[in-house]
Amino acid sequence: MTIPARSEQLADTLLAPVRPANAFEETVGRLLQLIRLGVFEPGESIPPERELAVRLGVSRDTVREAIKALADAGFLVSKRGRYGGTFLTDVLPAPGVADHTVGPAGDDDEPITGAELDDVLRLREILEEGAARVAAGRTFSATEREALWTRLTDIRDTTGDDYRRLDSRLHLAIAEAAGAPSLVSLVADNRMRINRLLDRIPQLEPNIAHSDEQHEAIVIAILTGNPDGAAEAMRAHIEGTATLLHGFLD
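Please read these numbers as outputs of a predicted model, since none were measured by experiment. One numbering rule holds for all chains: residues counted from 1, following each sequence as written. Thresholds applied to this predicted model are a pLDDT of at least 70 for local features of residues and 80 or more for the giving and counting of side-chain atom pairs; totals over whole chains, interfaces and linings are not thresholded and use all residues. Hydrogens and water are ignored here; the side-chain numbers use all heavy atoms of the structure.

A. Molecular detail of the side chain of R124. Segments assigned H or I by DSSP are reported as helices when at least four residues long, segments assigned E as strands when at least two residues long, and all are numbered from the N terminus. With respect to the helices and strands, R124 occurs in helix 5 (residues 114-136). Classification of R124 by relative accessible area gives buried; the value is 1%. Note on contacts: a residue pair qualifies if any of its non-hydrogen atoms lie within 4.5 Å across the two residues. Residues within four places of R124 in sequence aside, it is in contact with E129, H171, N190, R191, I194, H237, I238 and T241. The classification of residues rests on relative accessible area computed with a 1.4 Å probe and restricted to protein chains. Under 20% of the type maximum is buried, over 50% is exposed, and intermediate values are partly exposed.

Structure follows, in structure tokens:
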């Protein structure tokens, strides 16, 4: 198992075939997931149409239509020439602003029930505590350790929309470190649900500072081979987010 310094392996995991009944919508949704979770960085190129079509199991026309929709919404830009291709825009649309203009209709404005909130938070607890515990029981190379630590340092001193993206990328890196690609996909889907909820509440600076401390505790526990400590640190981190979401949304 390798924890990559860049996004190729994670993109390989998440770019799985979509369901044919909603090929366009799911292609848009899958690309948005990769963008919103920080797998592709602002200004970075995405895989070419041919490759995306093969990975997603759709036609190139479907990929082309999805890319056009995301370009119209301000997420992507096409460049011609020797170094051309399709790139993320340098400044991405704010979460919740342009997402509704592409793909399936969102439900971000609909009231969320207590049962729905409990479901997404409980699933997160199961997935991410388990990921942290299993990752802490694994042995990493120096390169792998450095890559995970880099994901942690990337998020420090970051605020605004970049914080949410880099926060997501760190949590996905921890899931990757557990060594089960299927787990990464589950964490990514759950994280998209969590982020839509977080977009409904204010970003509080004291909470960000506290989260940074918790992130460091999680990563240190993983890299020092402390499964119980990693799970407990992740549990505390998740409970803090859950408390805010319940407080604002219940």
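B. Layout of the environment of L152. Inspection of the secondary structure assignment puts L152 in helix 6 (residues 142-155). According to the relative accessible area criterion, L152 is buried, its value standing at 1%. Between the alpha carbons of L152 and L56 there is a distance of 30 Å; along the sequence they are 96 residues apart. Apart from the residues lying within four places of it in its own chain, the contact partners of L152 are L170, H215, E216 and V219.

C. Focus on the packing of aromatic side chains. Each Phe, Tyr or Trp ring (for Trp, its six-membered ring) is paired with any other whose centre lies within 6.5 Å, and the angle between the two planes then decides the class: stacked below 30 degrees, edge-to-face above 60, tilted in between. If you walk through the whole model with that rule in mind, you get 0 aromatic pairs. Here, over-ring charges are defined by two tests on the NZ atom of lysine or the CZ atom of arginine: distance to the ring centre within 6 Å, and angle to the ring normal within 35 degrees. Sitting over the ring of F87, K79 keeps its end group 4.6 Å from the ring centre.

D. Broad picture of the nonpolar core. Of all hydrophobic cores here, the largest spans 38 residues; its most connected members are V39, F75, L76 and L172. Looking at this core, the elements with two or more residues in it are helix 1 (8-14), helix 2 (23-36), helix 3 (49-56), helix 4 (60-72), helix 5, helix 7 (160-177) and helix 8 (181-198). Element by element, the count of residues in this core is highest for helix 2, at 6 residues. Ranked by size, the runner-up nonpolar core spans 19 residues in total, among them A135, A136, V219 and M234. Take the buried Ala, Val, Leu, Ile, Met, Phe, Trp, Tyr and Cys residues and link them wherever side-chain atoms come within 4.5 Å; each set so joined is a nonpolar core.

The values reported here are purely geometric and, on their own, carry no functional implication.
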